[in-house]
Amino acid sequence: MRIERLSSITRAIDLNYPTNRIIVEITLLFLLGTAGFQLILGKAISSALYSGLIGGASVFLAWAFARELDPDNERSAFFAAFLGCAGFLFFPSPFLLALFLEILLIRIVNRSTGLPSKTSDSIAVLLLSGWISSQGNWIFGLFTALAFFLDSFLPEPNRQNRIFGLIAFIFSLLAFIRTPGKESILLDAEVGLFILAAVLLFILHVLSSRKIKSRGDLTGIPLDSLRMRAAQMTAILSAGLSAVLGGAAGAESLMPLWGAILGISLYGNLQVLLKKRSKPSQPD
């Protein structure tokens, strides 16, 4: 059975497609390089391999987030992958389960496959979100509720996700009540400036985006621009709130997503500048 028939929010990696093959090669090289470097430092094989897997996942997820949030620009995803590499070197402890949840939530909102989430998809996402929330990370239940609610009100709404959104919100609320010592919203100056710069750059890119040319993987129908913008704003809200509530640790937990946000922003704004410079000047 093909994976598309099991789920409408999973996307296969076609290695016959050049950019997909390149990112897999980059991921494997970074994985092996990280693991090898750890071995040179005298770490145990299991520890070195674990670090390599985390490093490879950070690079690949940064690329994957960028493909979801900026599907018309394949090159911006490689900007994101590079920042994913750099981010891992400085912040080597991303929260992989939360990142996996985030990418599923983005797909529910933007429908990059072209299809709405199946009931089984929503149940799986709800269970994953509930487990993460129960570990003291209540904010991810709130992000899940937001994605479900958006999906149920945006064009071609999937109304059953209103029920899943309500359940996710209740899970998040219960987890918040049970969490000892609620997070402080006070940020270090460095983290605050990082968030502010990233948010402003990304919003500029989102506002400059117009019609989406990319098509759904399974339908061949152009993606909805309103859904894409909603997914983009969901991503920046998720990353921003995690950093605001968790400080540097919160930012580190979603570092590959930050890599994608910055990669997309830098590439998009660089393209705008190059286009402006390439225009011939008007004679006086």
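Predicted model only: the values in this text are computed from it and were never measured.

Trainee: How should the pattern of salt bridges be read in this particular structure?
Mentor: Any two side chains of opposite charge can pair if their charged atoms end up close together. Taken as a whole and judged by the stated rule, the model has five salt bridges. Here Asp151 makes a salt bridge to Arg111, at a shortest N to O gap of 3.0 Å. Here Arg111 lies in the loop between α5 (96-110) and α6 (119-134) and Asp151 lies in helix α7 (residues 139-153), a separation of 40 residues in the sequence. Put simply, Asp151 and Arg227 hold a salt bridge, and the shortest N to O gap is 3.0 Å. With Asp151 in helix α7 and Arg227 in helix α10 (residues 225-253), this residue pair connects regions lying 76 residues apart in the sequence. Like Arg227, Asp151 is buried. One connected set of salt bridges, linked through shared partners, spans Arg11, Glu68, Arg107 and Asp217.

Trainee: Hey, could you run me through the nonpolar core in this one?
Mentor: Side chains that are nonpolar tend, in soluble globular proteins, to be buried together. Of all hydrophobic cores here, the largest spans 62 residues; its most connected members are Phe65, Val125, Phe140, Leu257 and Trp258. Among residues more than four places away in sequence, those in contact with Trp258 are Phe194, Ile195, Ala198, Ile236, Ala239, Gly240, Ala243 and Ala251.

Trainee: When you look at helix α8 (residues 161-178) in this model, what are you seeing that I'm missing?
Mentor: In this model, α8 (18 residues) spans 25 Å end to end at C-alpha, consistent with the 26 Å of a helix rising 1.5 Å per residue. Residues of α8 that are buried in the fold lie against α5, α6 and α7.

Trainee: How should the side chain of Asp151 be read in this particular structure?
Mentor: Of the residues examined, Asp151 reaches a relative accessible area of 0% and is grouped as buried. Those residues within four positions of Asp151 in sequence are excluded, and the remaining contacts are Ile108, Arg111, Ser117, Pro157, Asn158, Asn161 and Arg227.

Trainee: I would appreciate a short explanation of the environment of Gly247 in the present structure.
Mentor: Within the fold, Gly247 resides in helix α10. The buried category is assigned to Gly247, whose relative accessible area is 14%. For the pair formed by Gly247 and Gly192, sequence separation is 55 residues and the distance between their alpha carbons is 8.6 Å.

Trainee: Looking at this structure, I do not really get α7. What am I missing?
Mentor: An α-helix turns once every 3.6 residues. As a result, residues three or four positions apart point the same way. Its 15 residues give α7 an end-to-end C-alpha distance of 22 Å, which sits within 8% of 21 Å, the value for a rise of 1.5 Å per residue. Regarding α7, the residues found buried are Ile139, Phe140, Gly141, Phe143, Thr144, Ala145, Ala147, Phe148, Asp151 and Ser152. Those residues of α7 that are buried lie in contact with α5, α6, α8 and α10.

Trainee: Whenever I open this one, a nonpolar patch on the surface confuses me. Can you help?
Mentor: There is a patch of nonpolar side chains on the surface, built from Ile163, Leu166, Ile167, Phe169, Ile170, Phe171, Leu173, Leu174, Phe176 and Ile177 and spanning about 890 Å² of accessible area. With respect to the helices, strands and loops of the structure, Phe171 is situated in helix α8.

Rules used throughout
- Residues numbered from 1 in each chain as written.
- Predicted model: local features only at pLDDT ≥ 70, side-chain atom pairs only at ≥ 80, totals over all residues.
- Heavy atoms only, no water.
- Salt bridge = Lys/Arg side-chain N within 4 Å of Asp/Glu carboxyl O.
- Helix = DSSP H or I, 4+ residues; strand = E, 2+ residues; numbered from the N terminus.
- Buried < 20%, exposed > 50% of the residue type's maximum accessible area, 1.4 Å probe, protein only.
- Core = buried A, V, L, I, M, F, W, Y, C linked by side-chain atoms within 4.5 Å.
- Contact = heavy atoms within 4.5 Å.
- Expected span 1.5 Å × (residues − 1).
- Patch = residues over 30% accessible without salt bridge, like charges linked within 9 Å, V, L, I, M, F, W, Y side chains within 5 Å.
- Areas by Shrake-Rupley, 256 points an atom, 1.4 Å probe, with all protein chains shown as cover.

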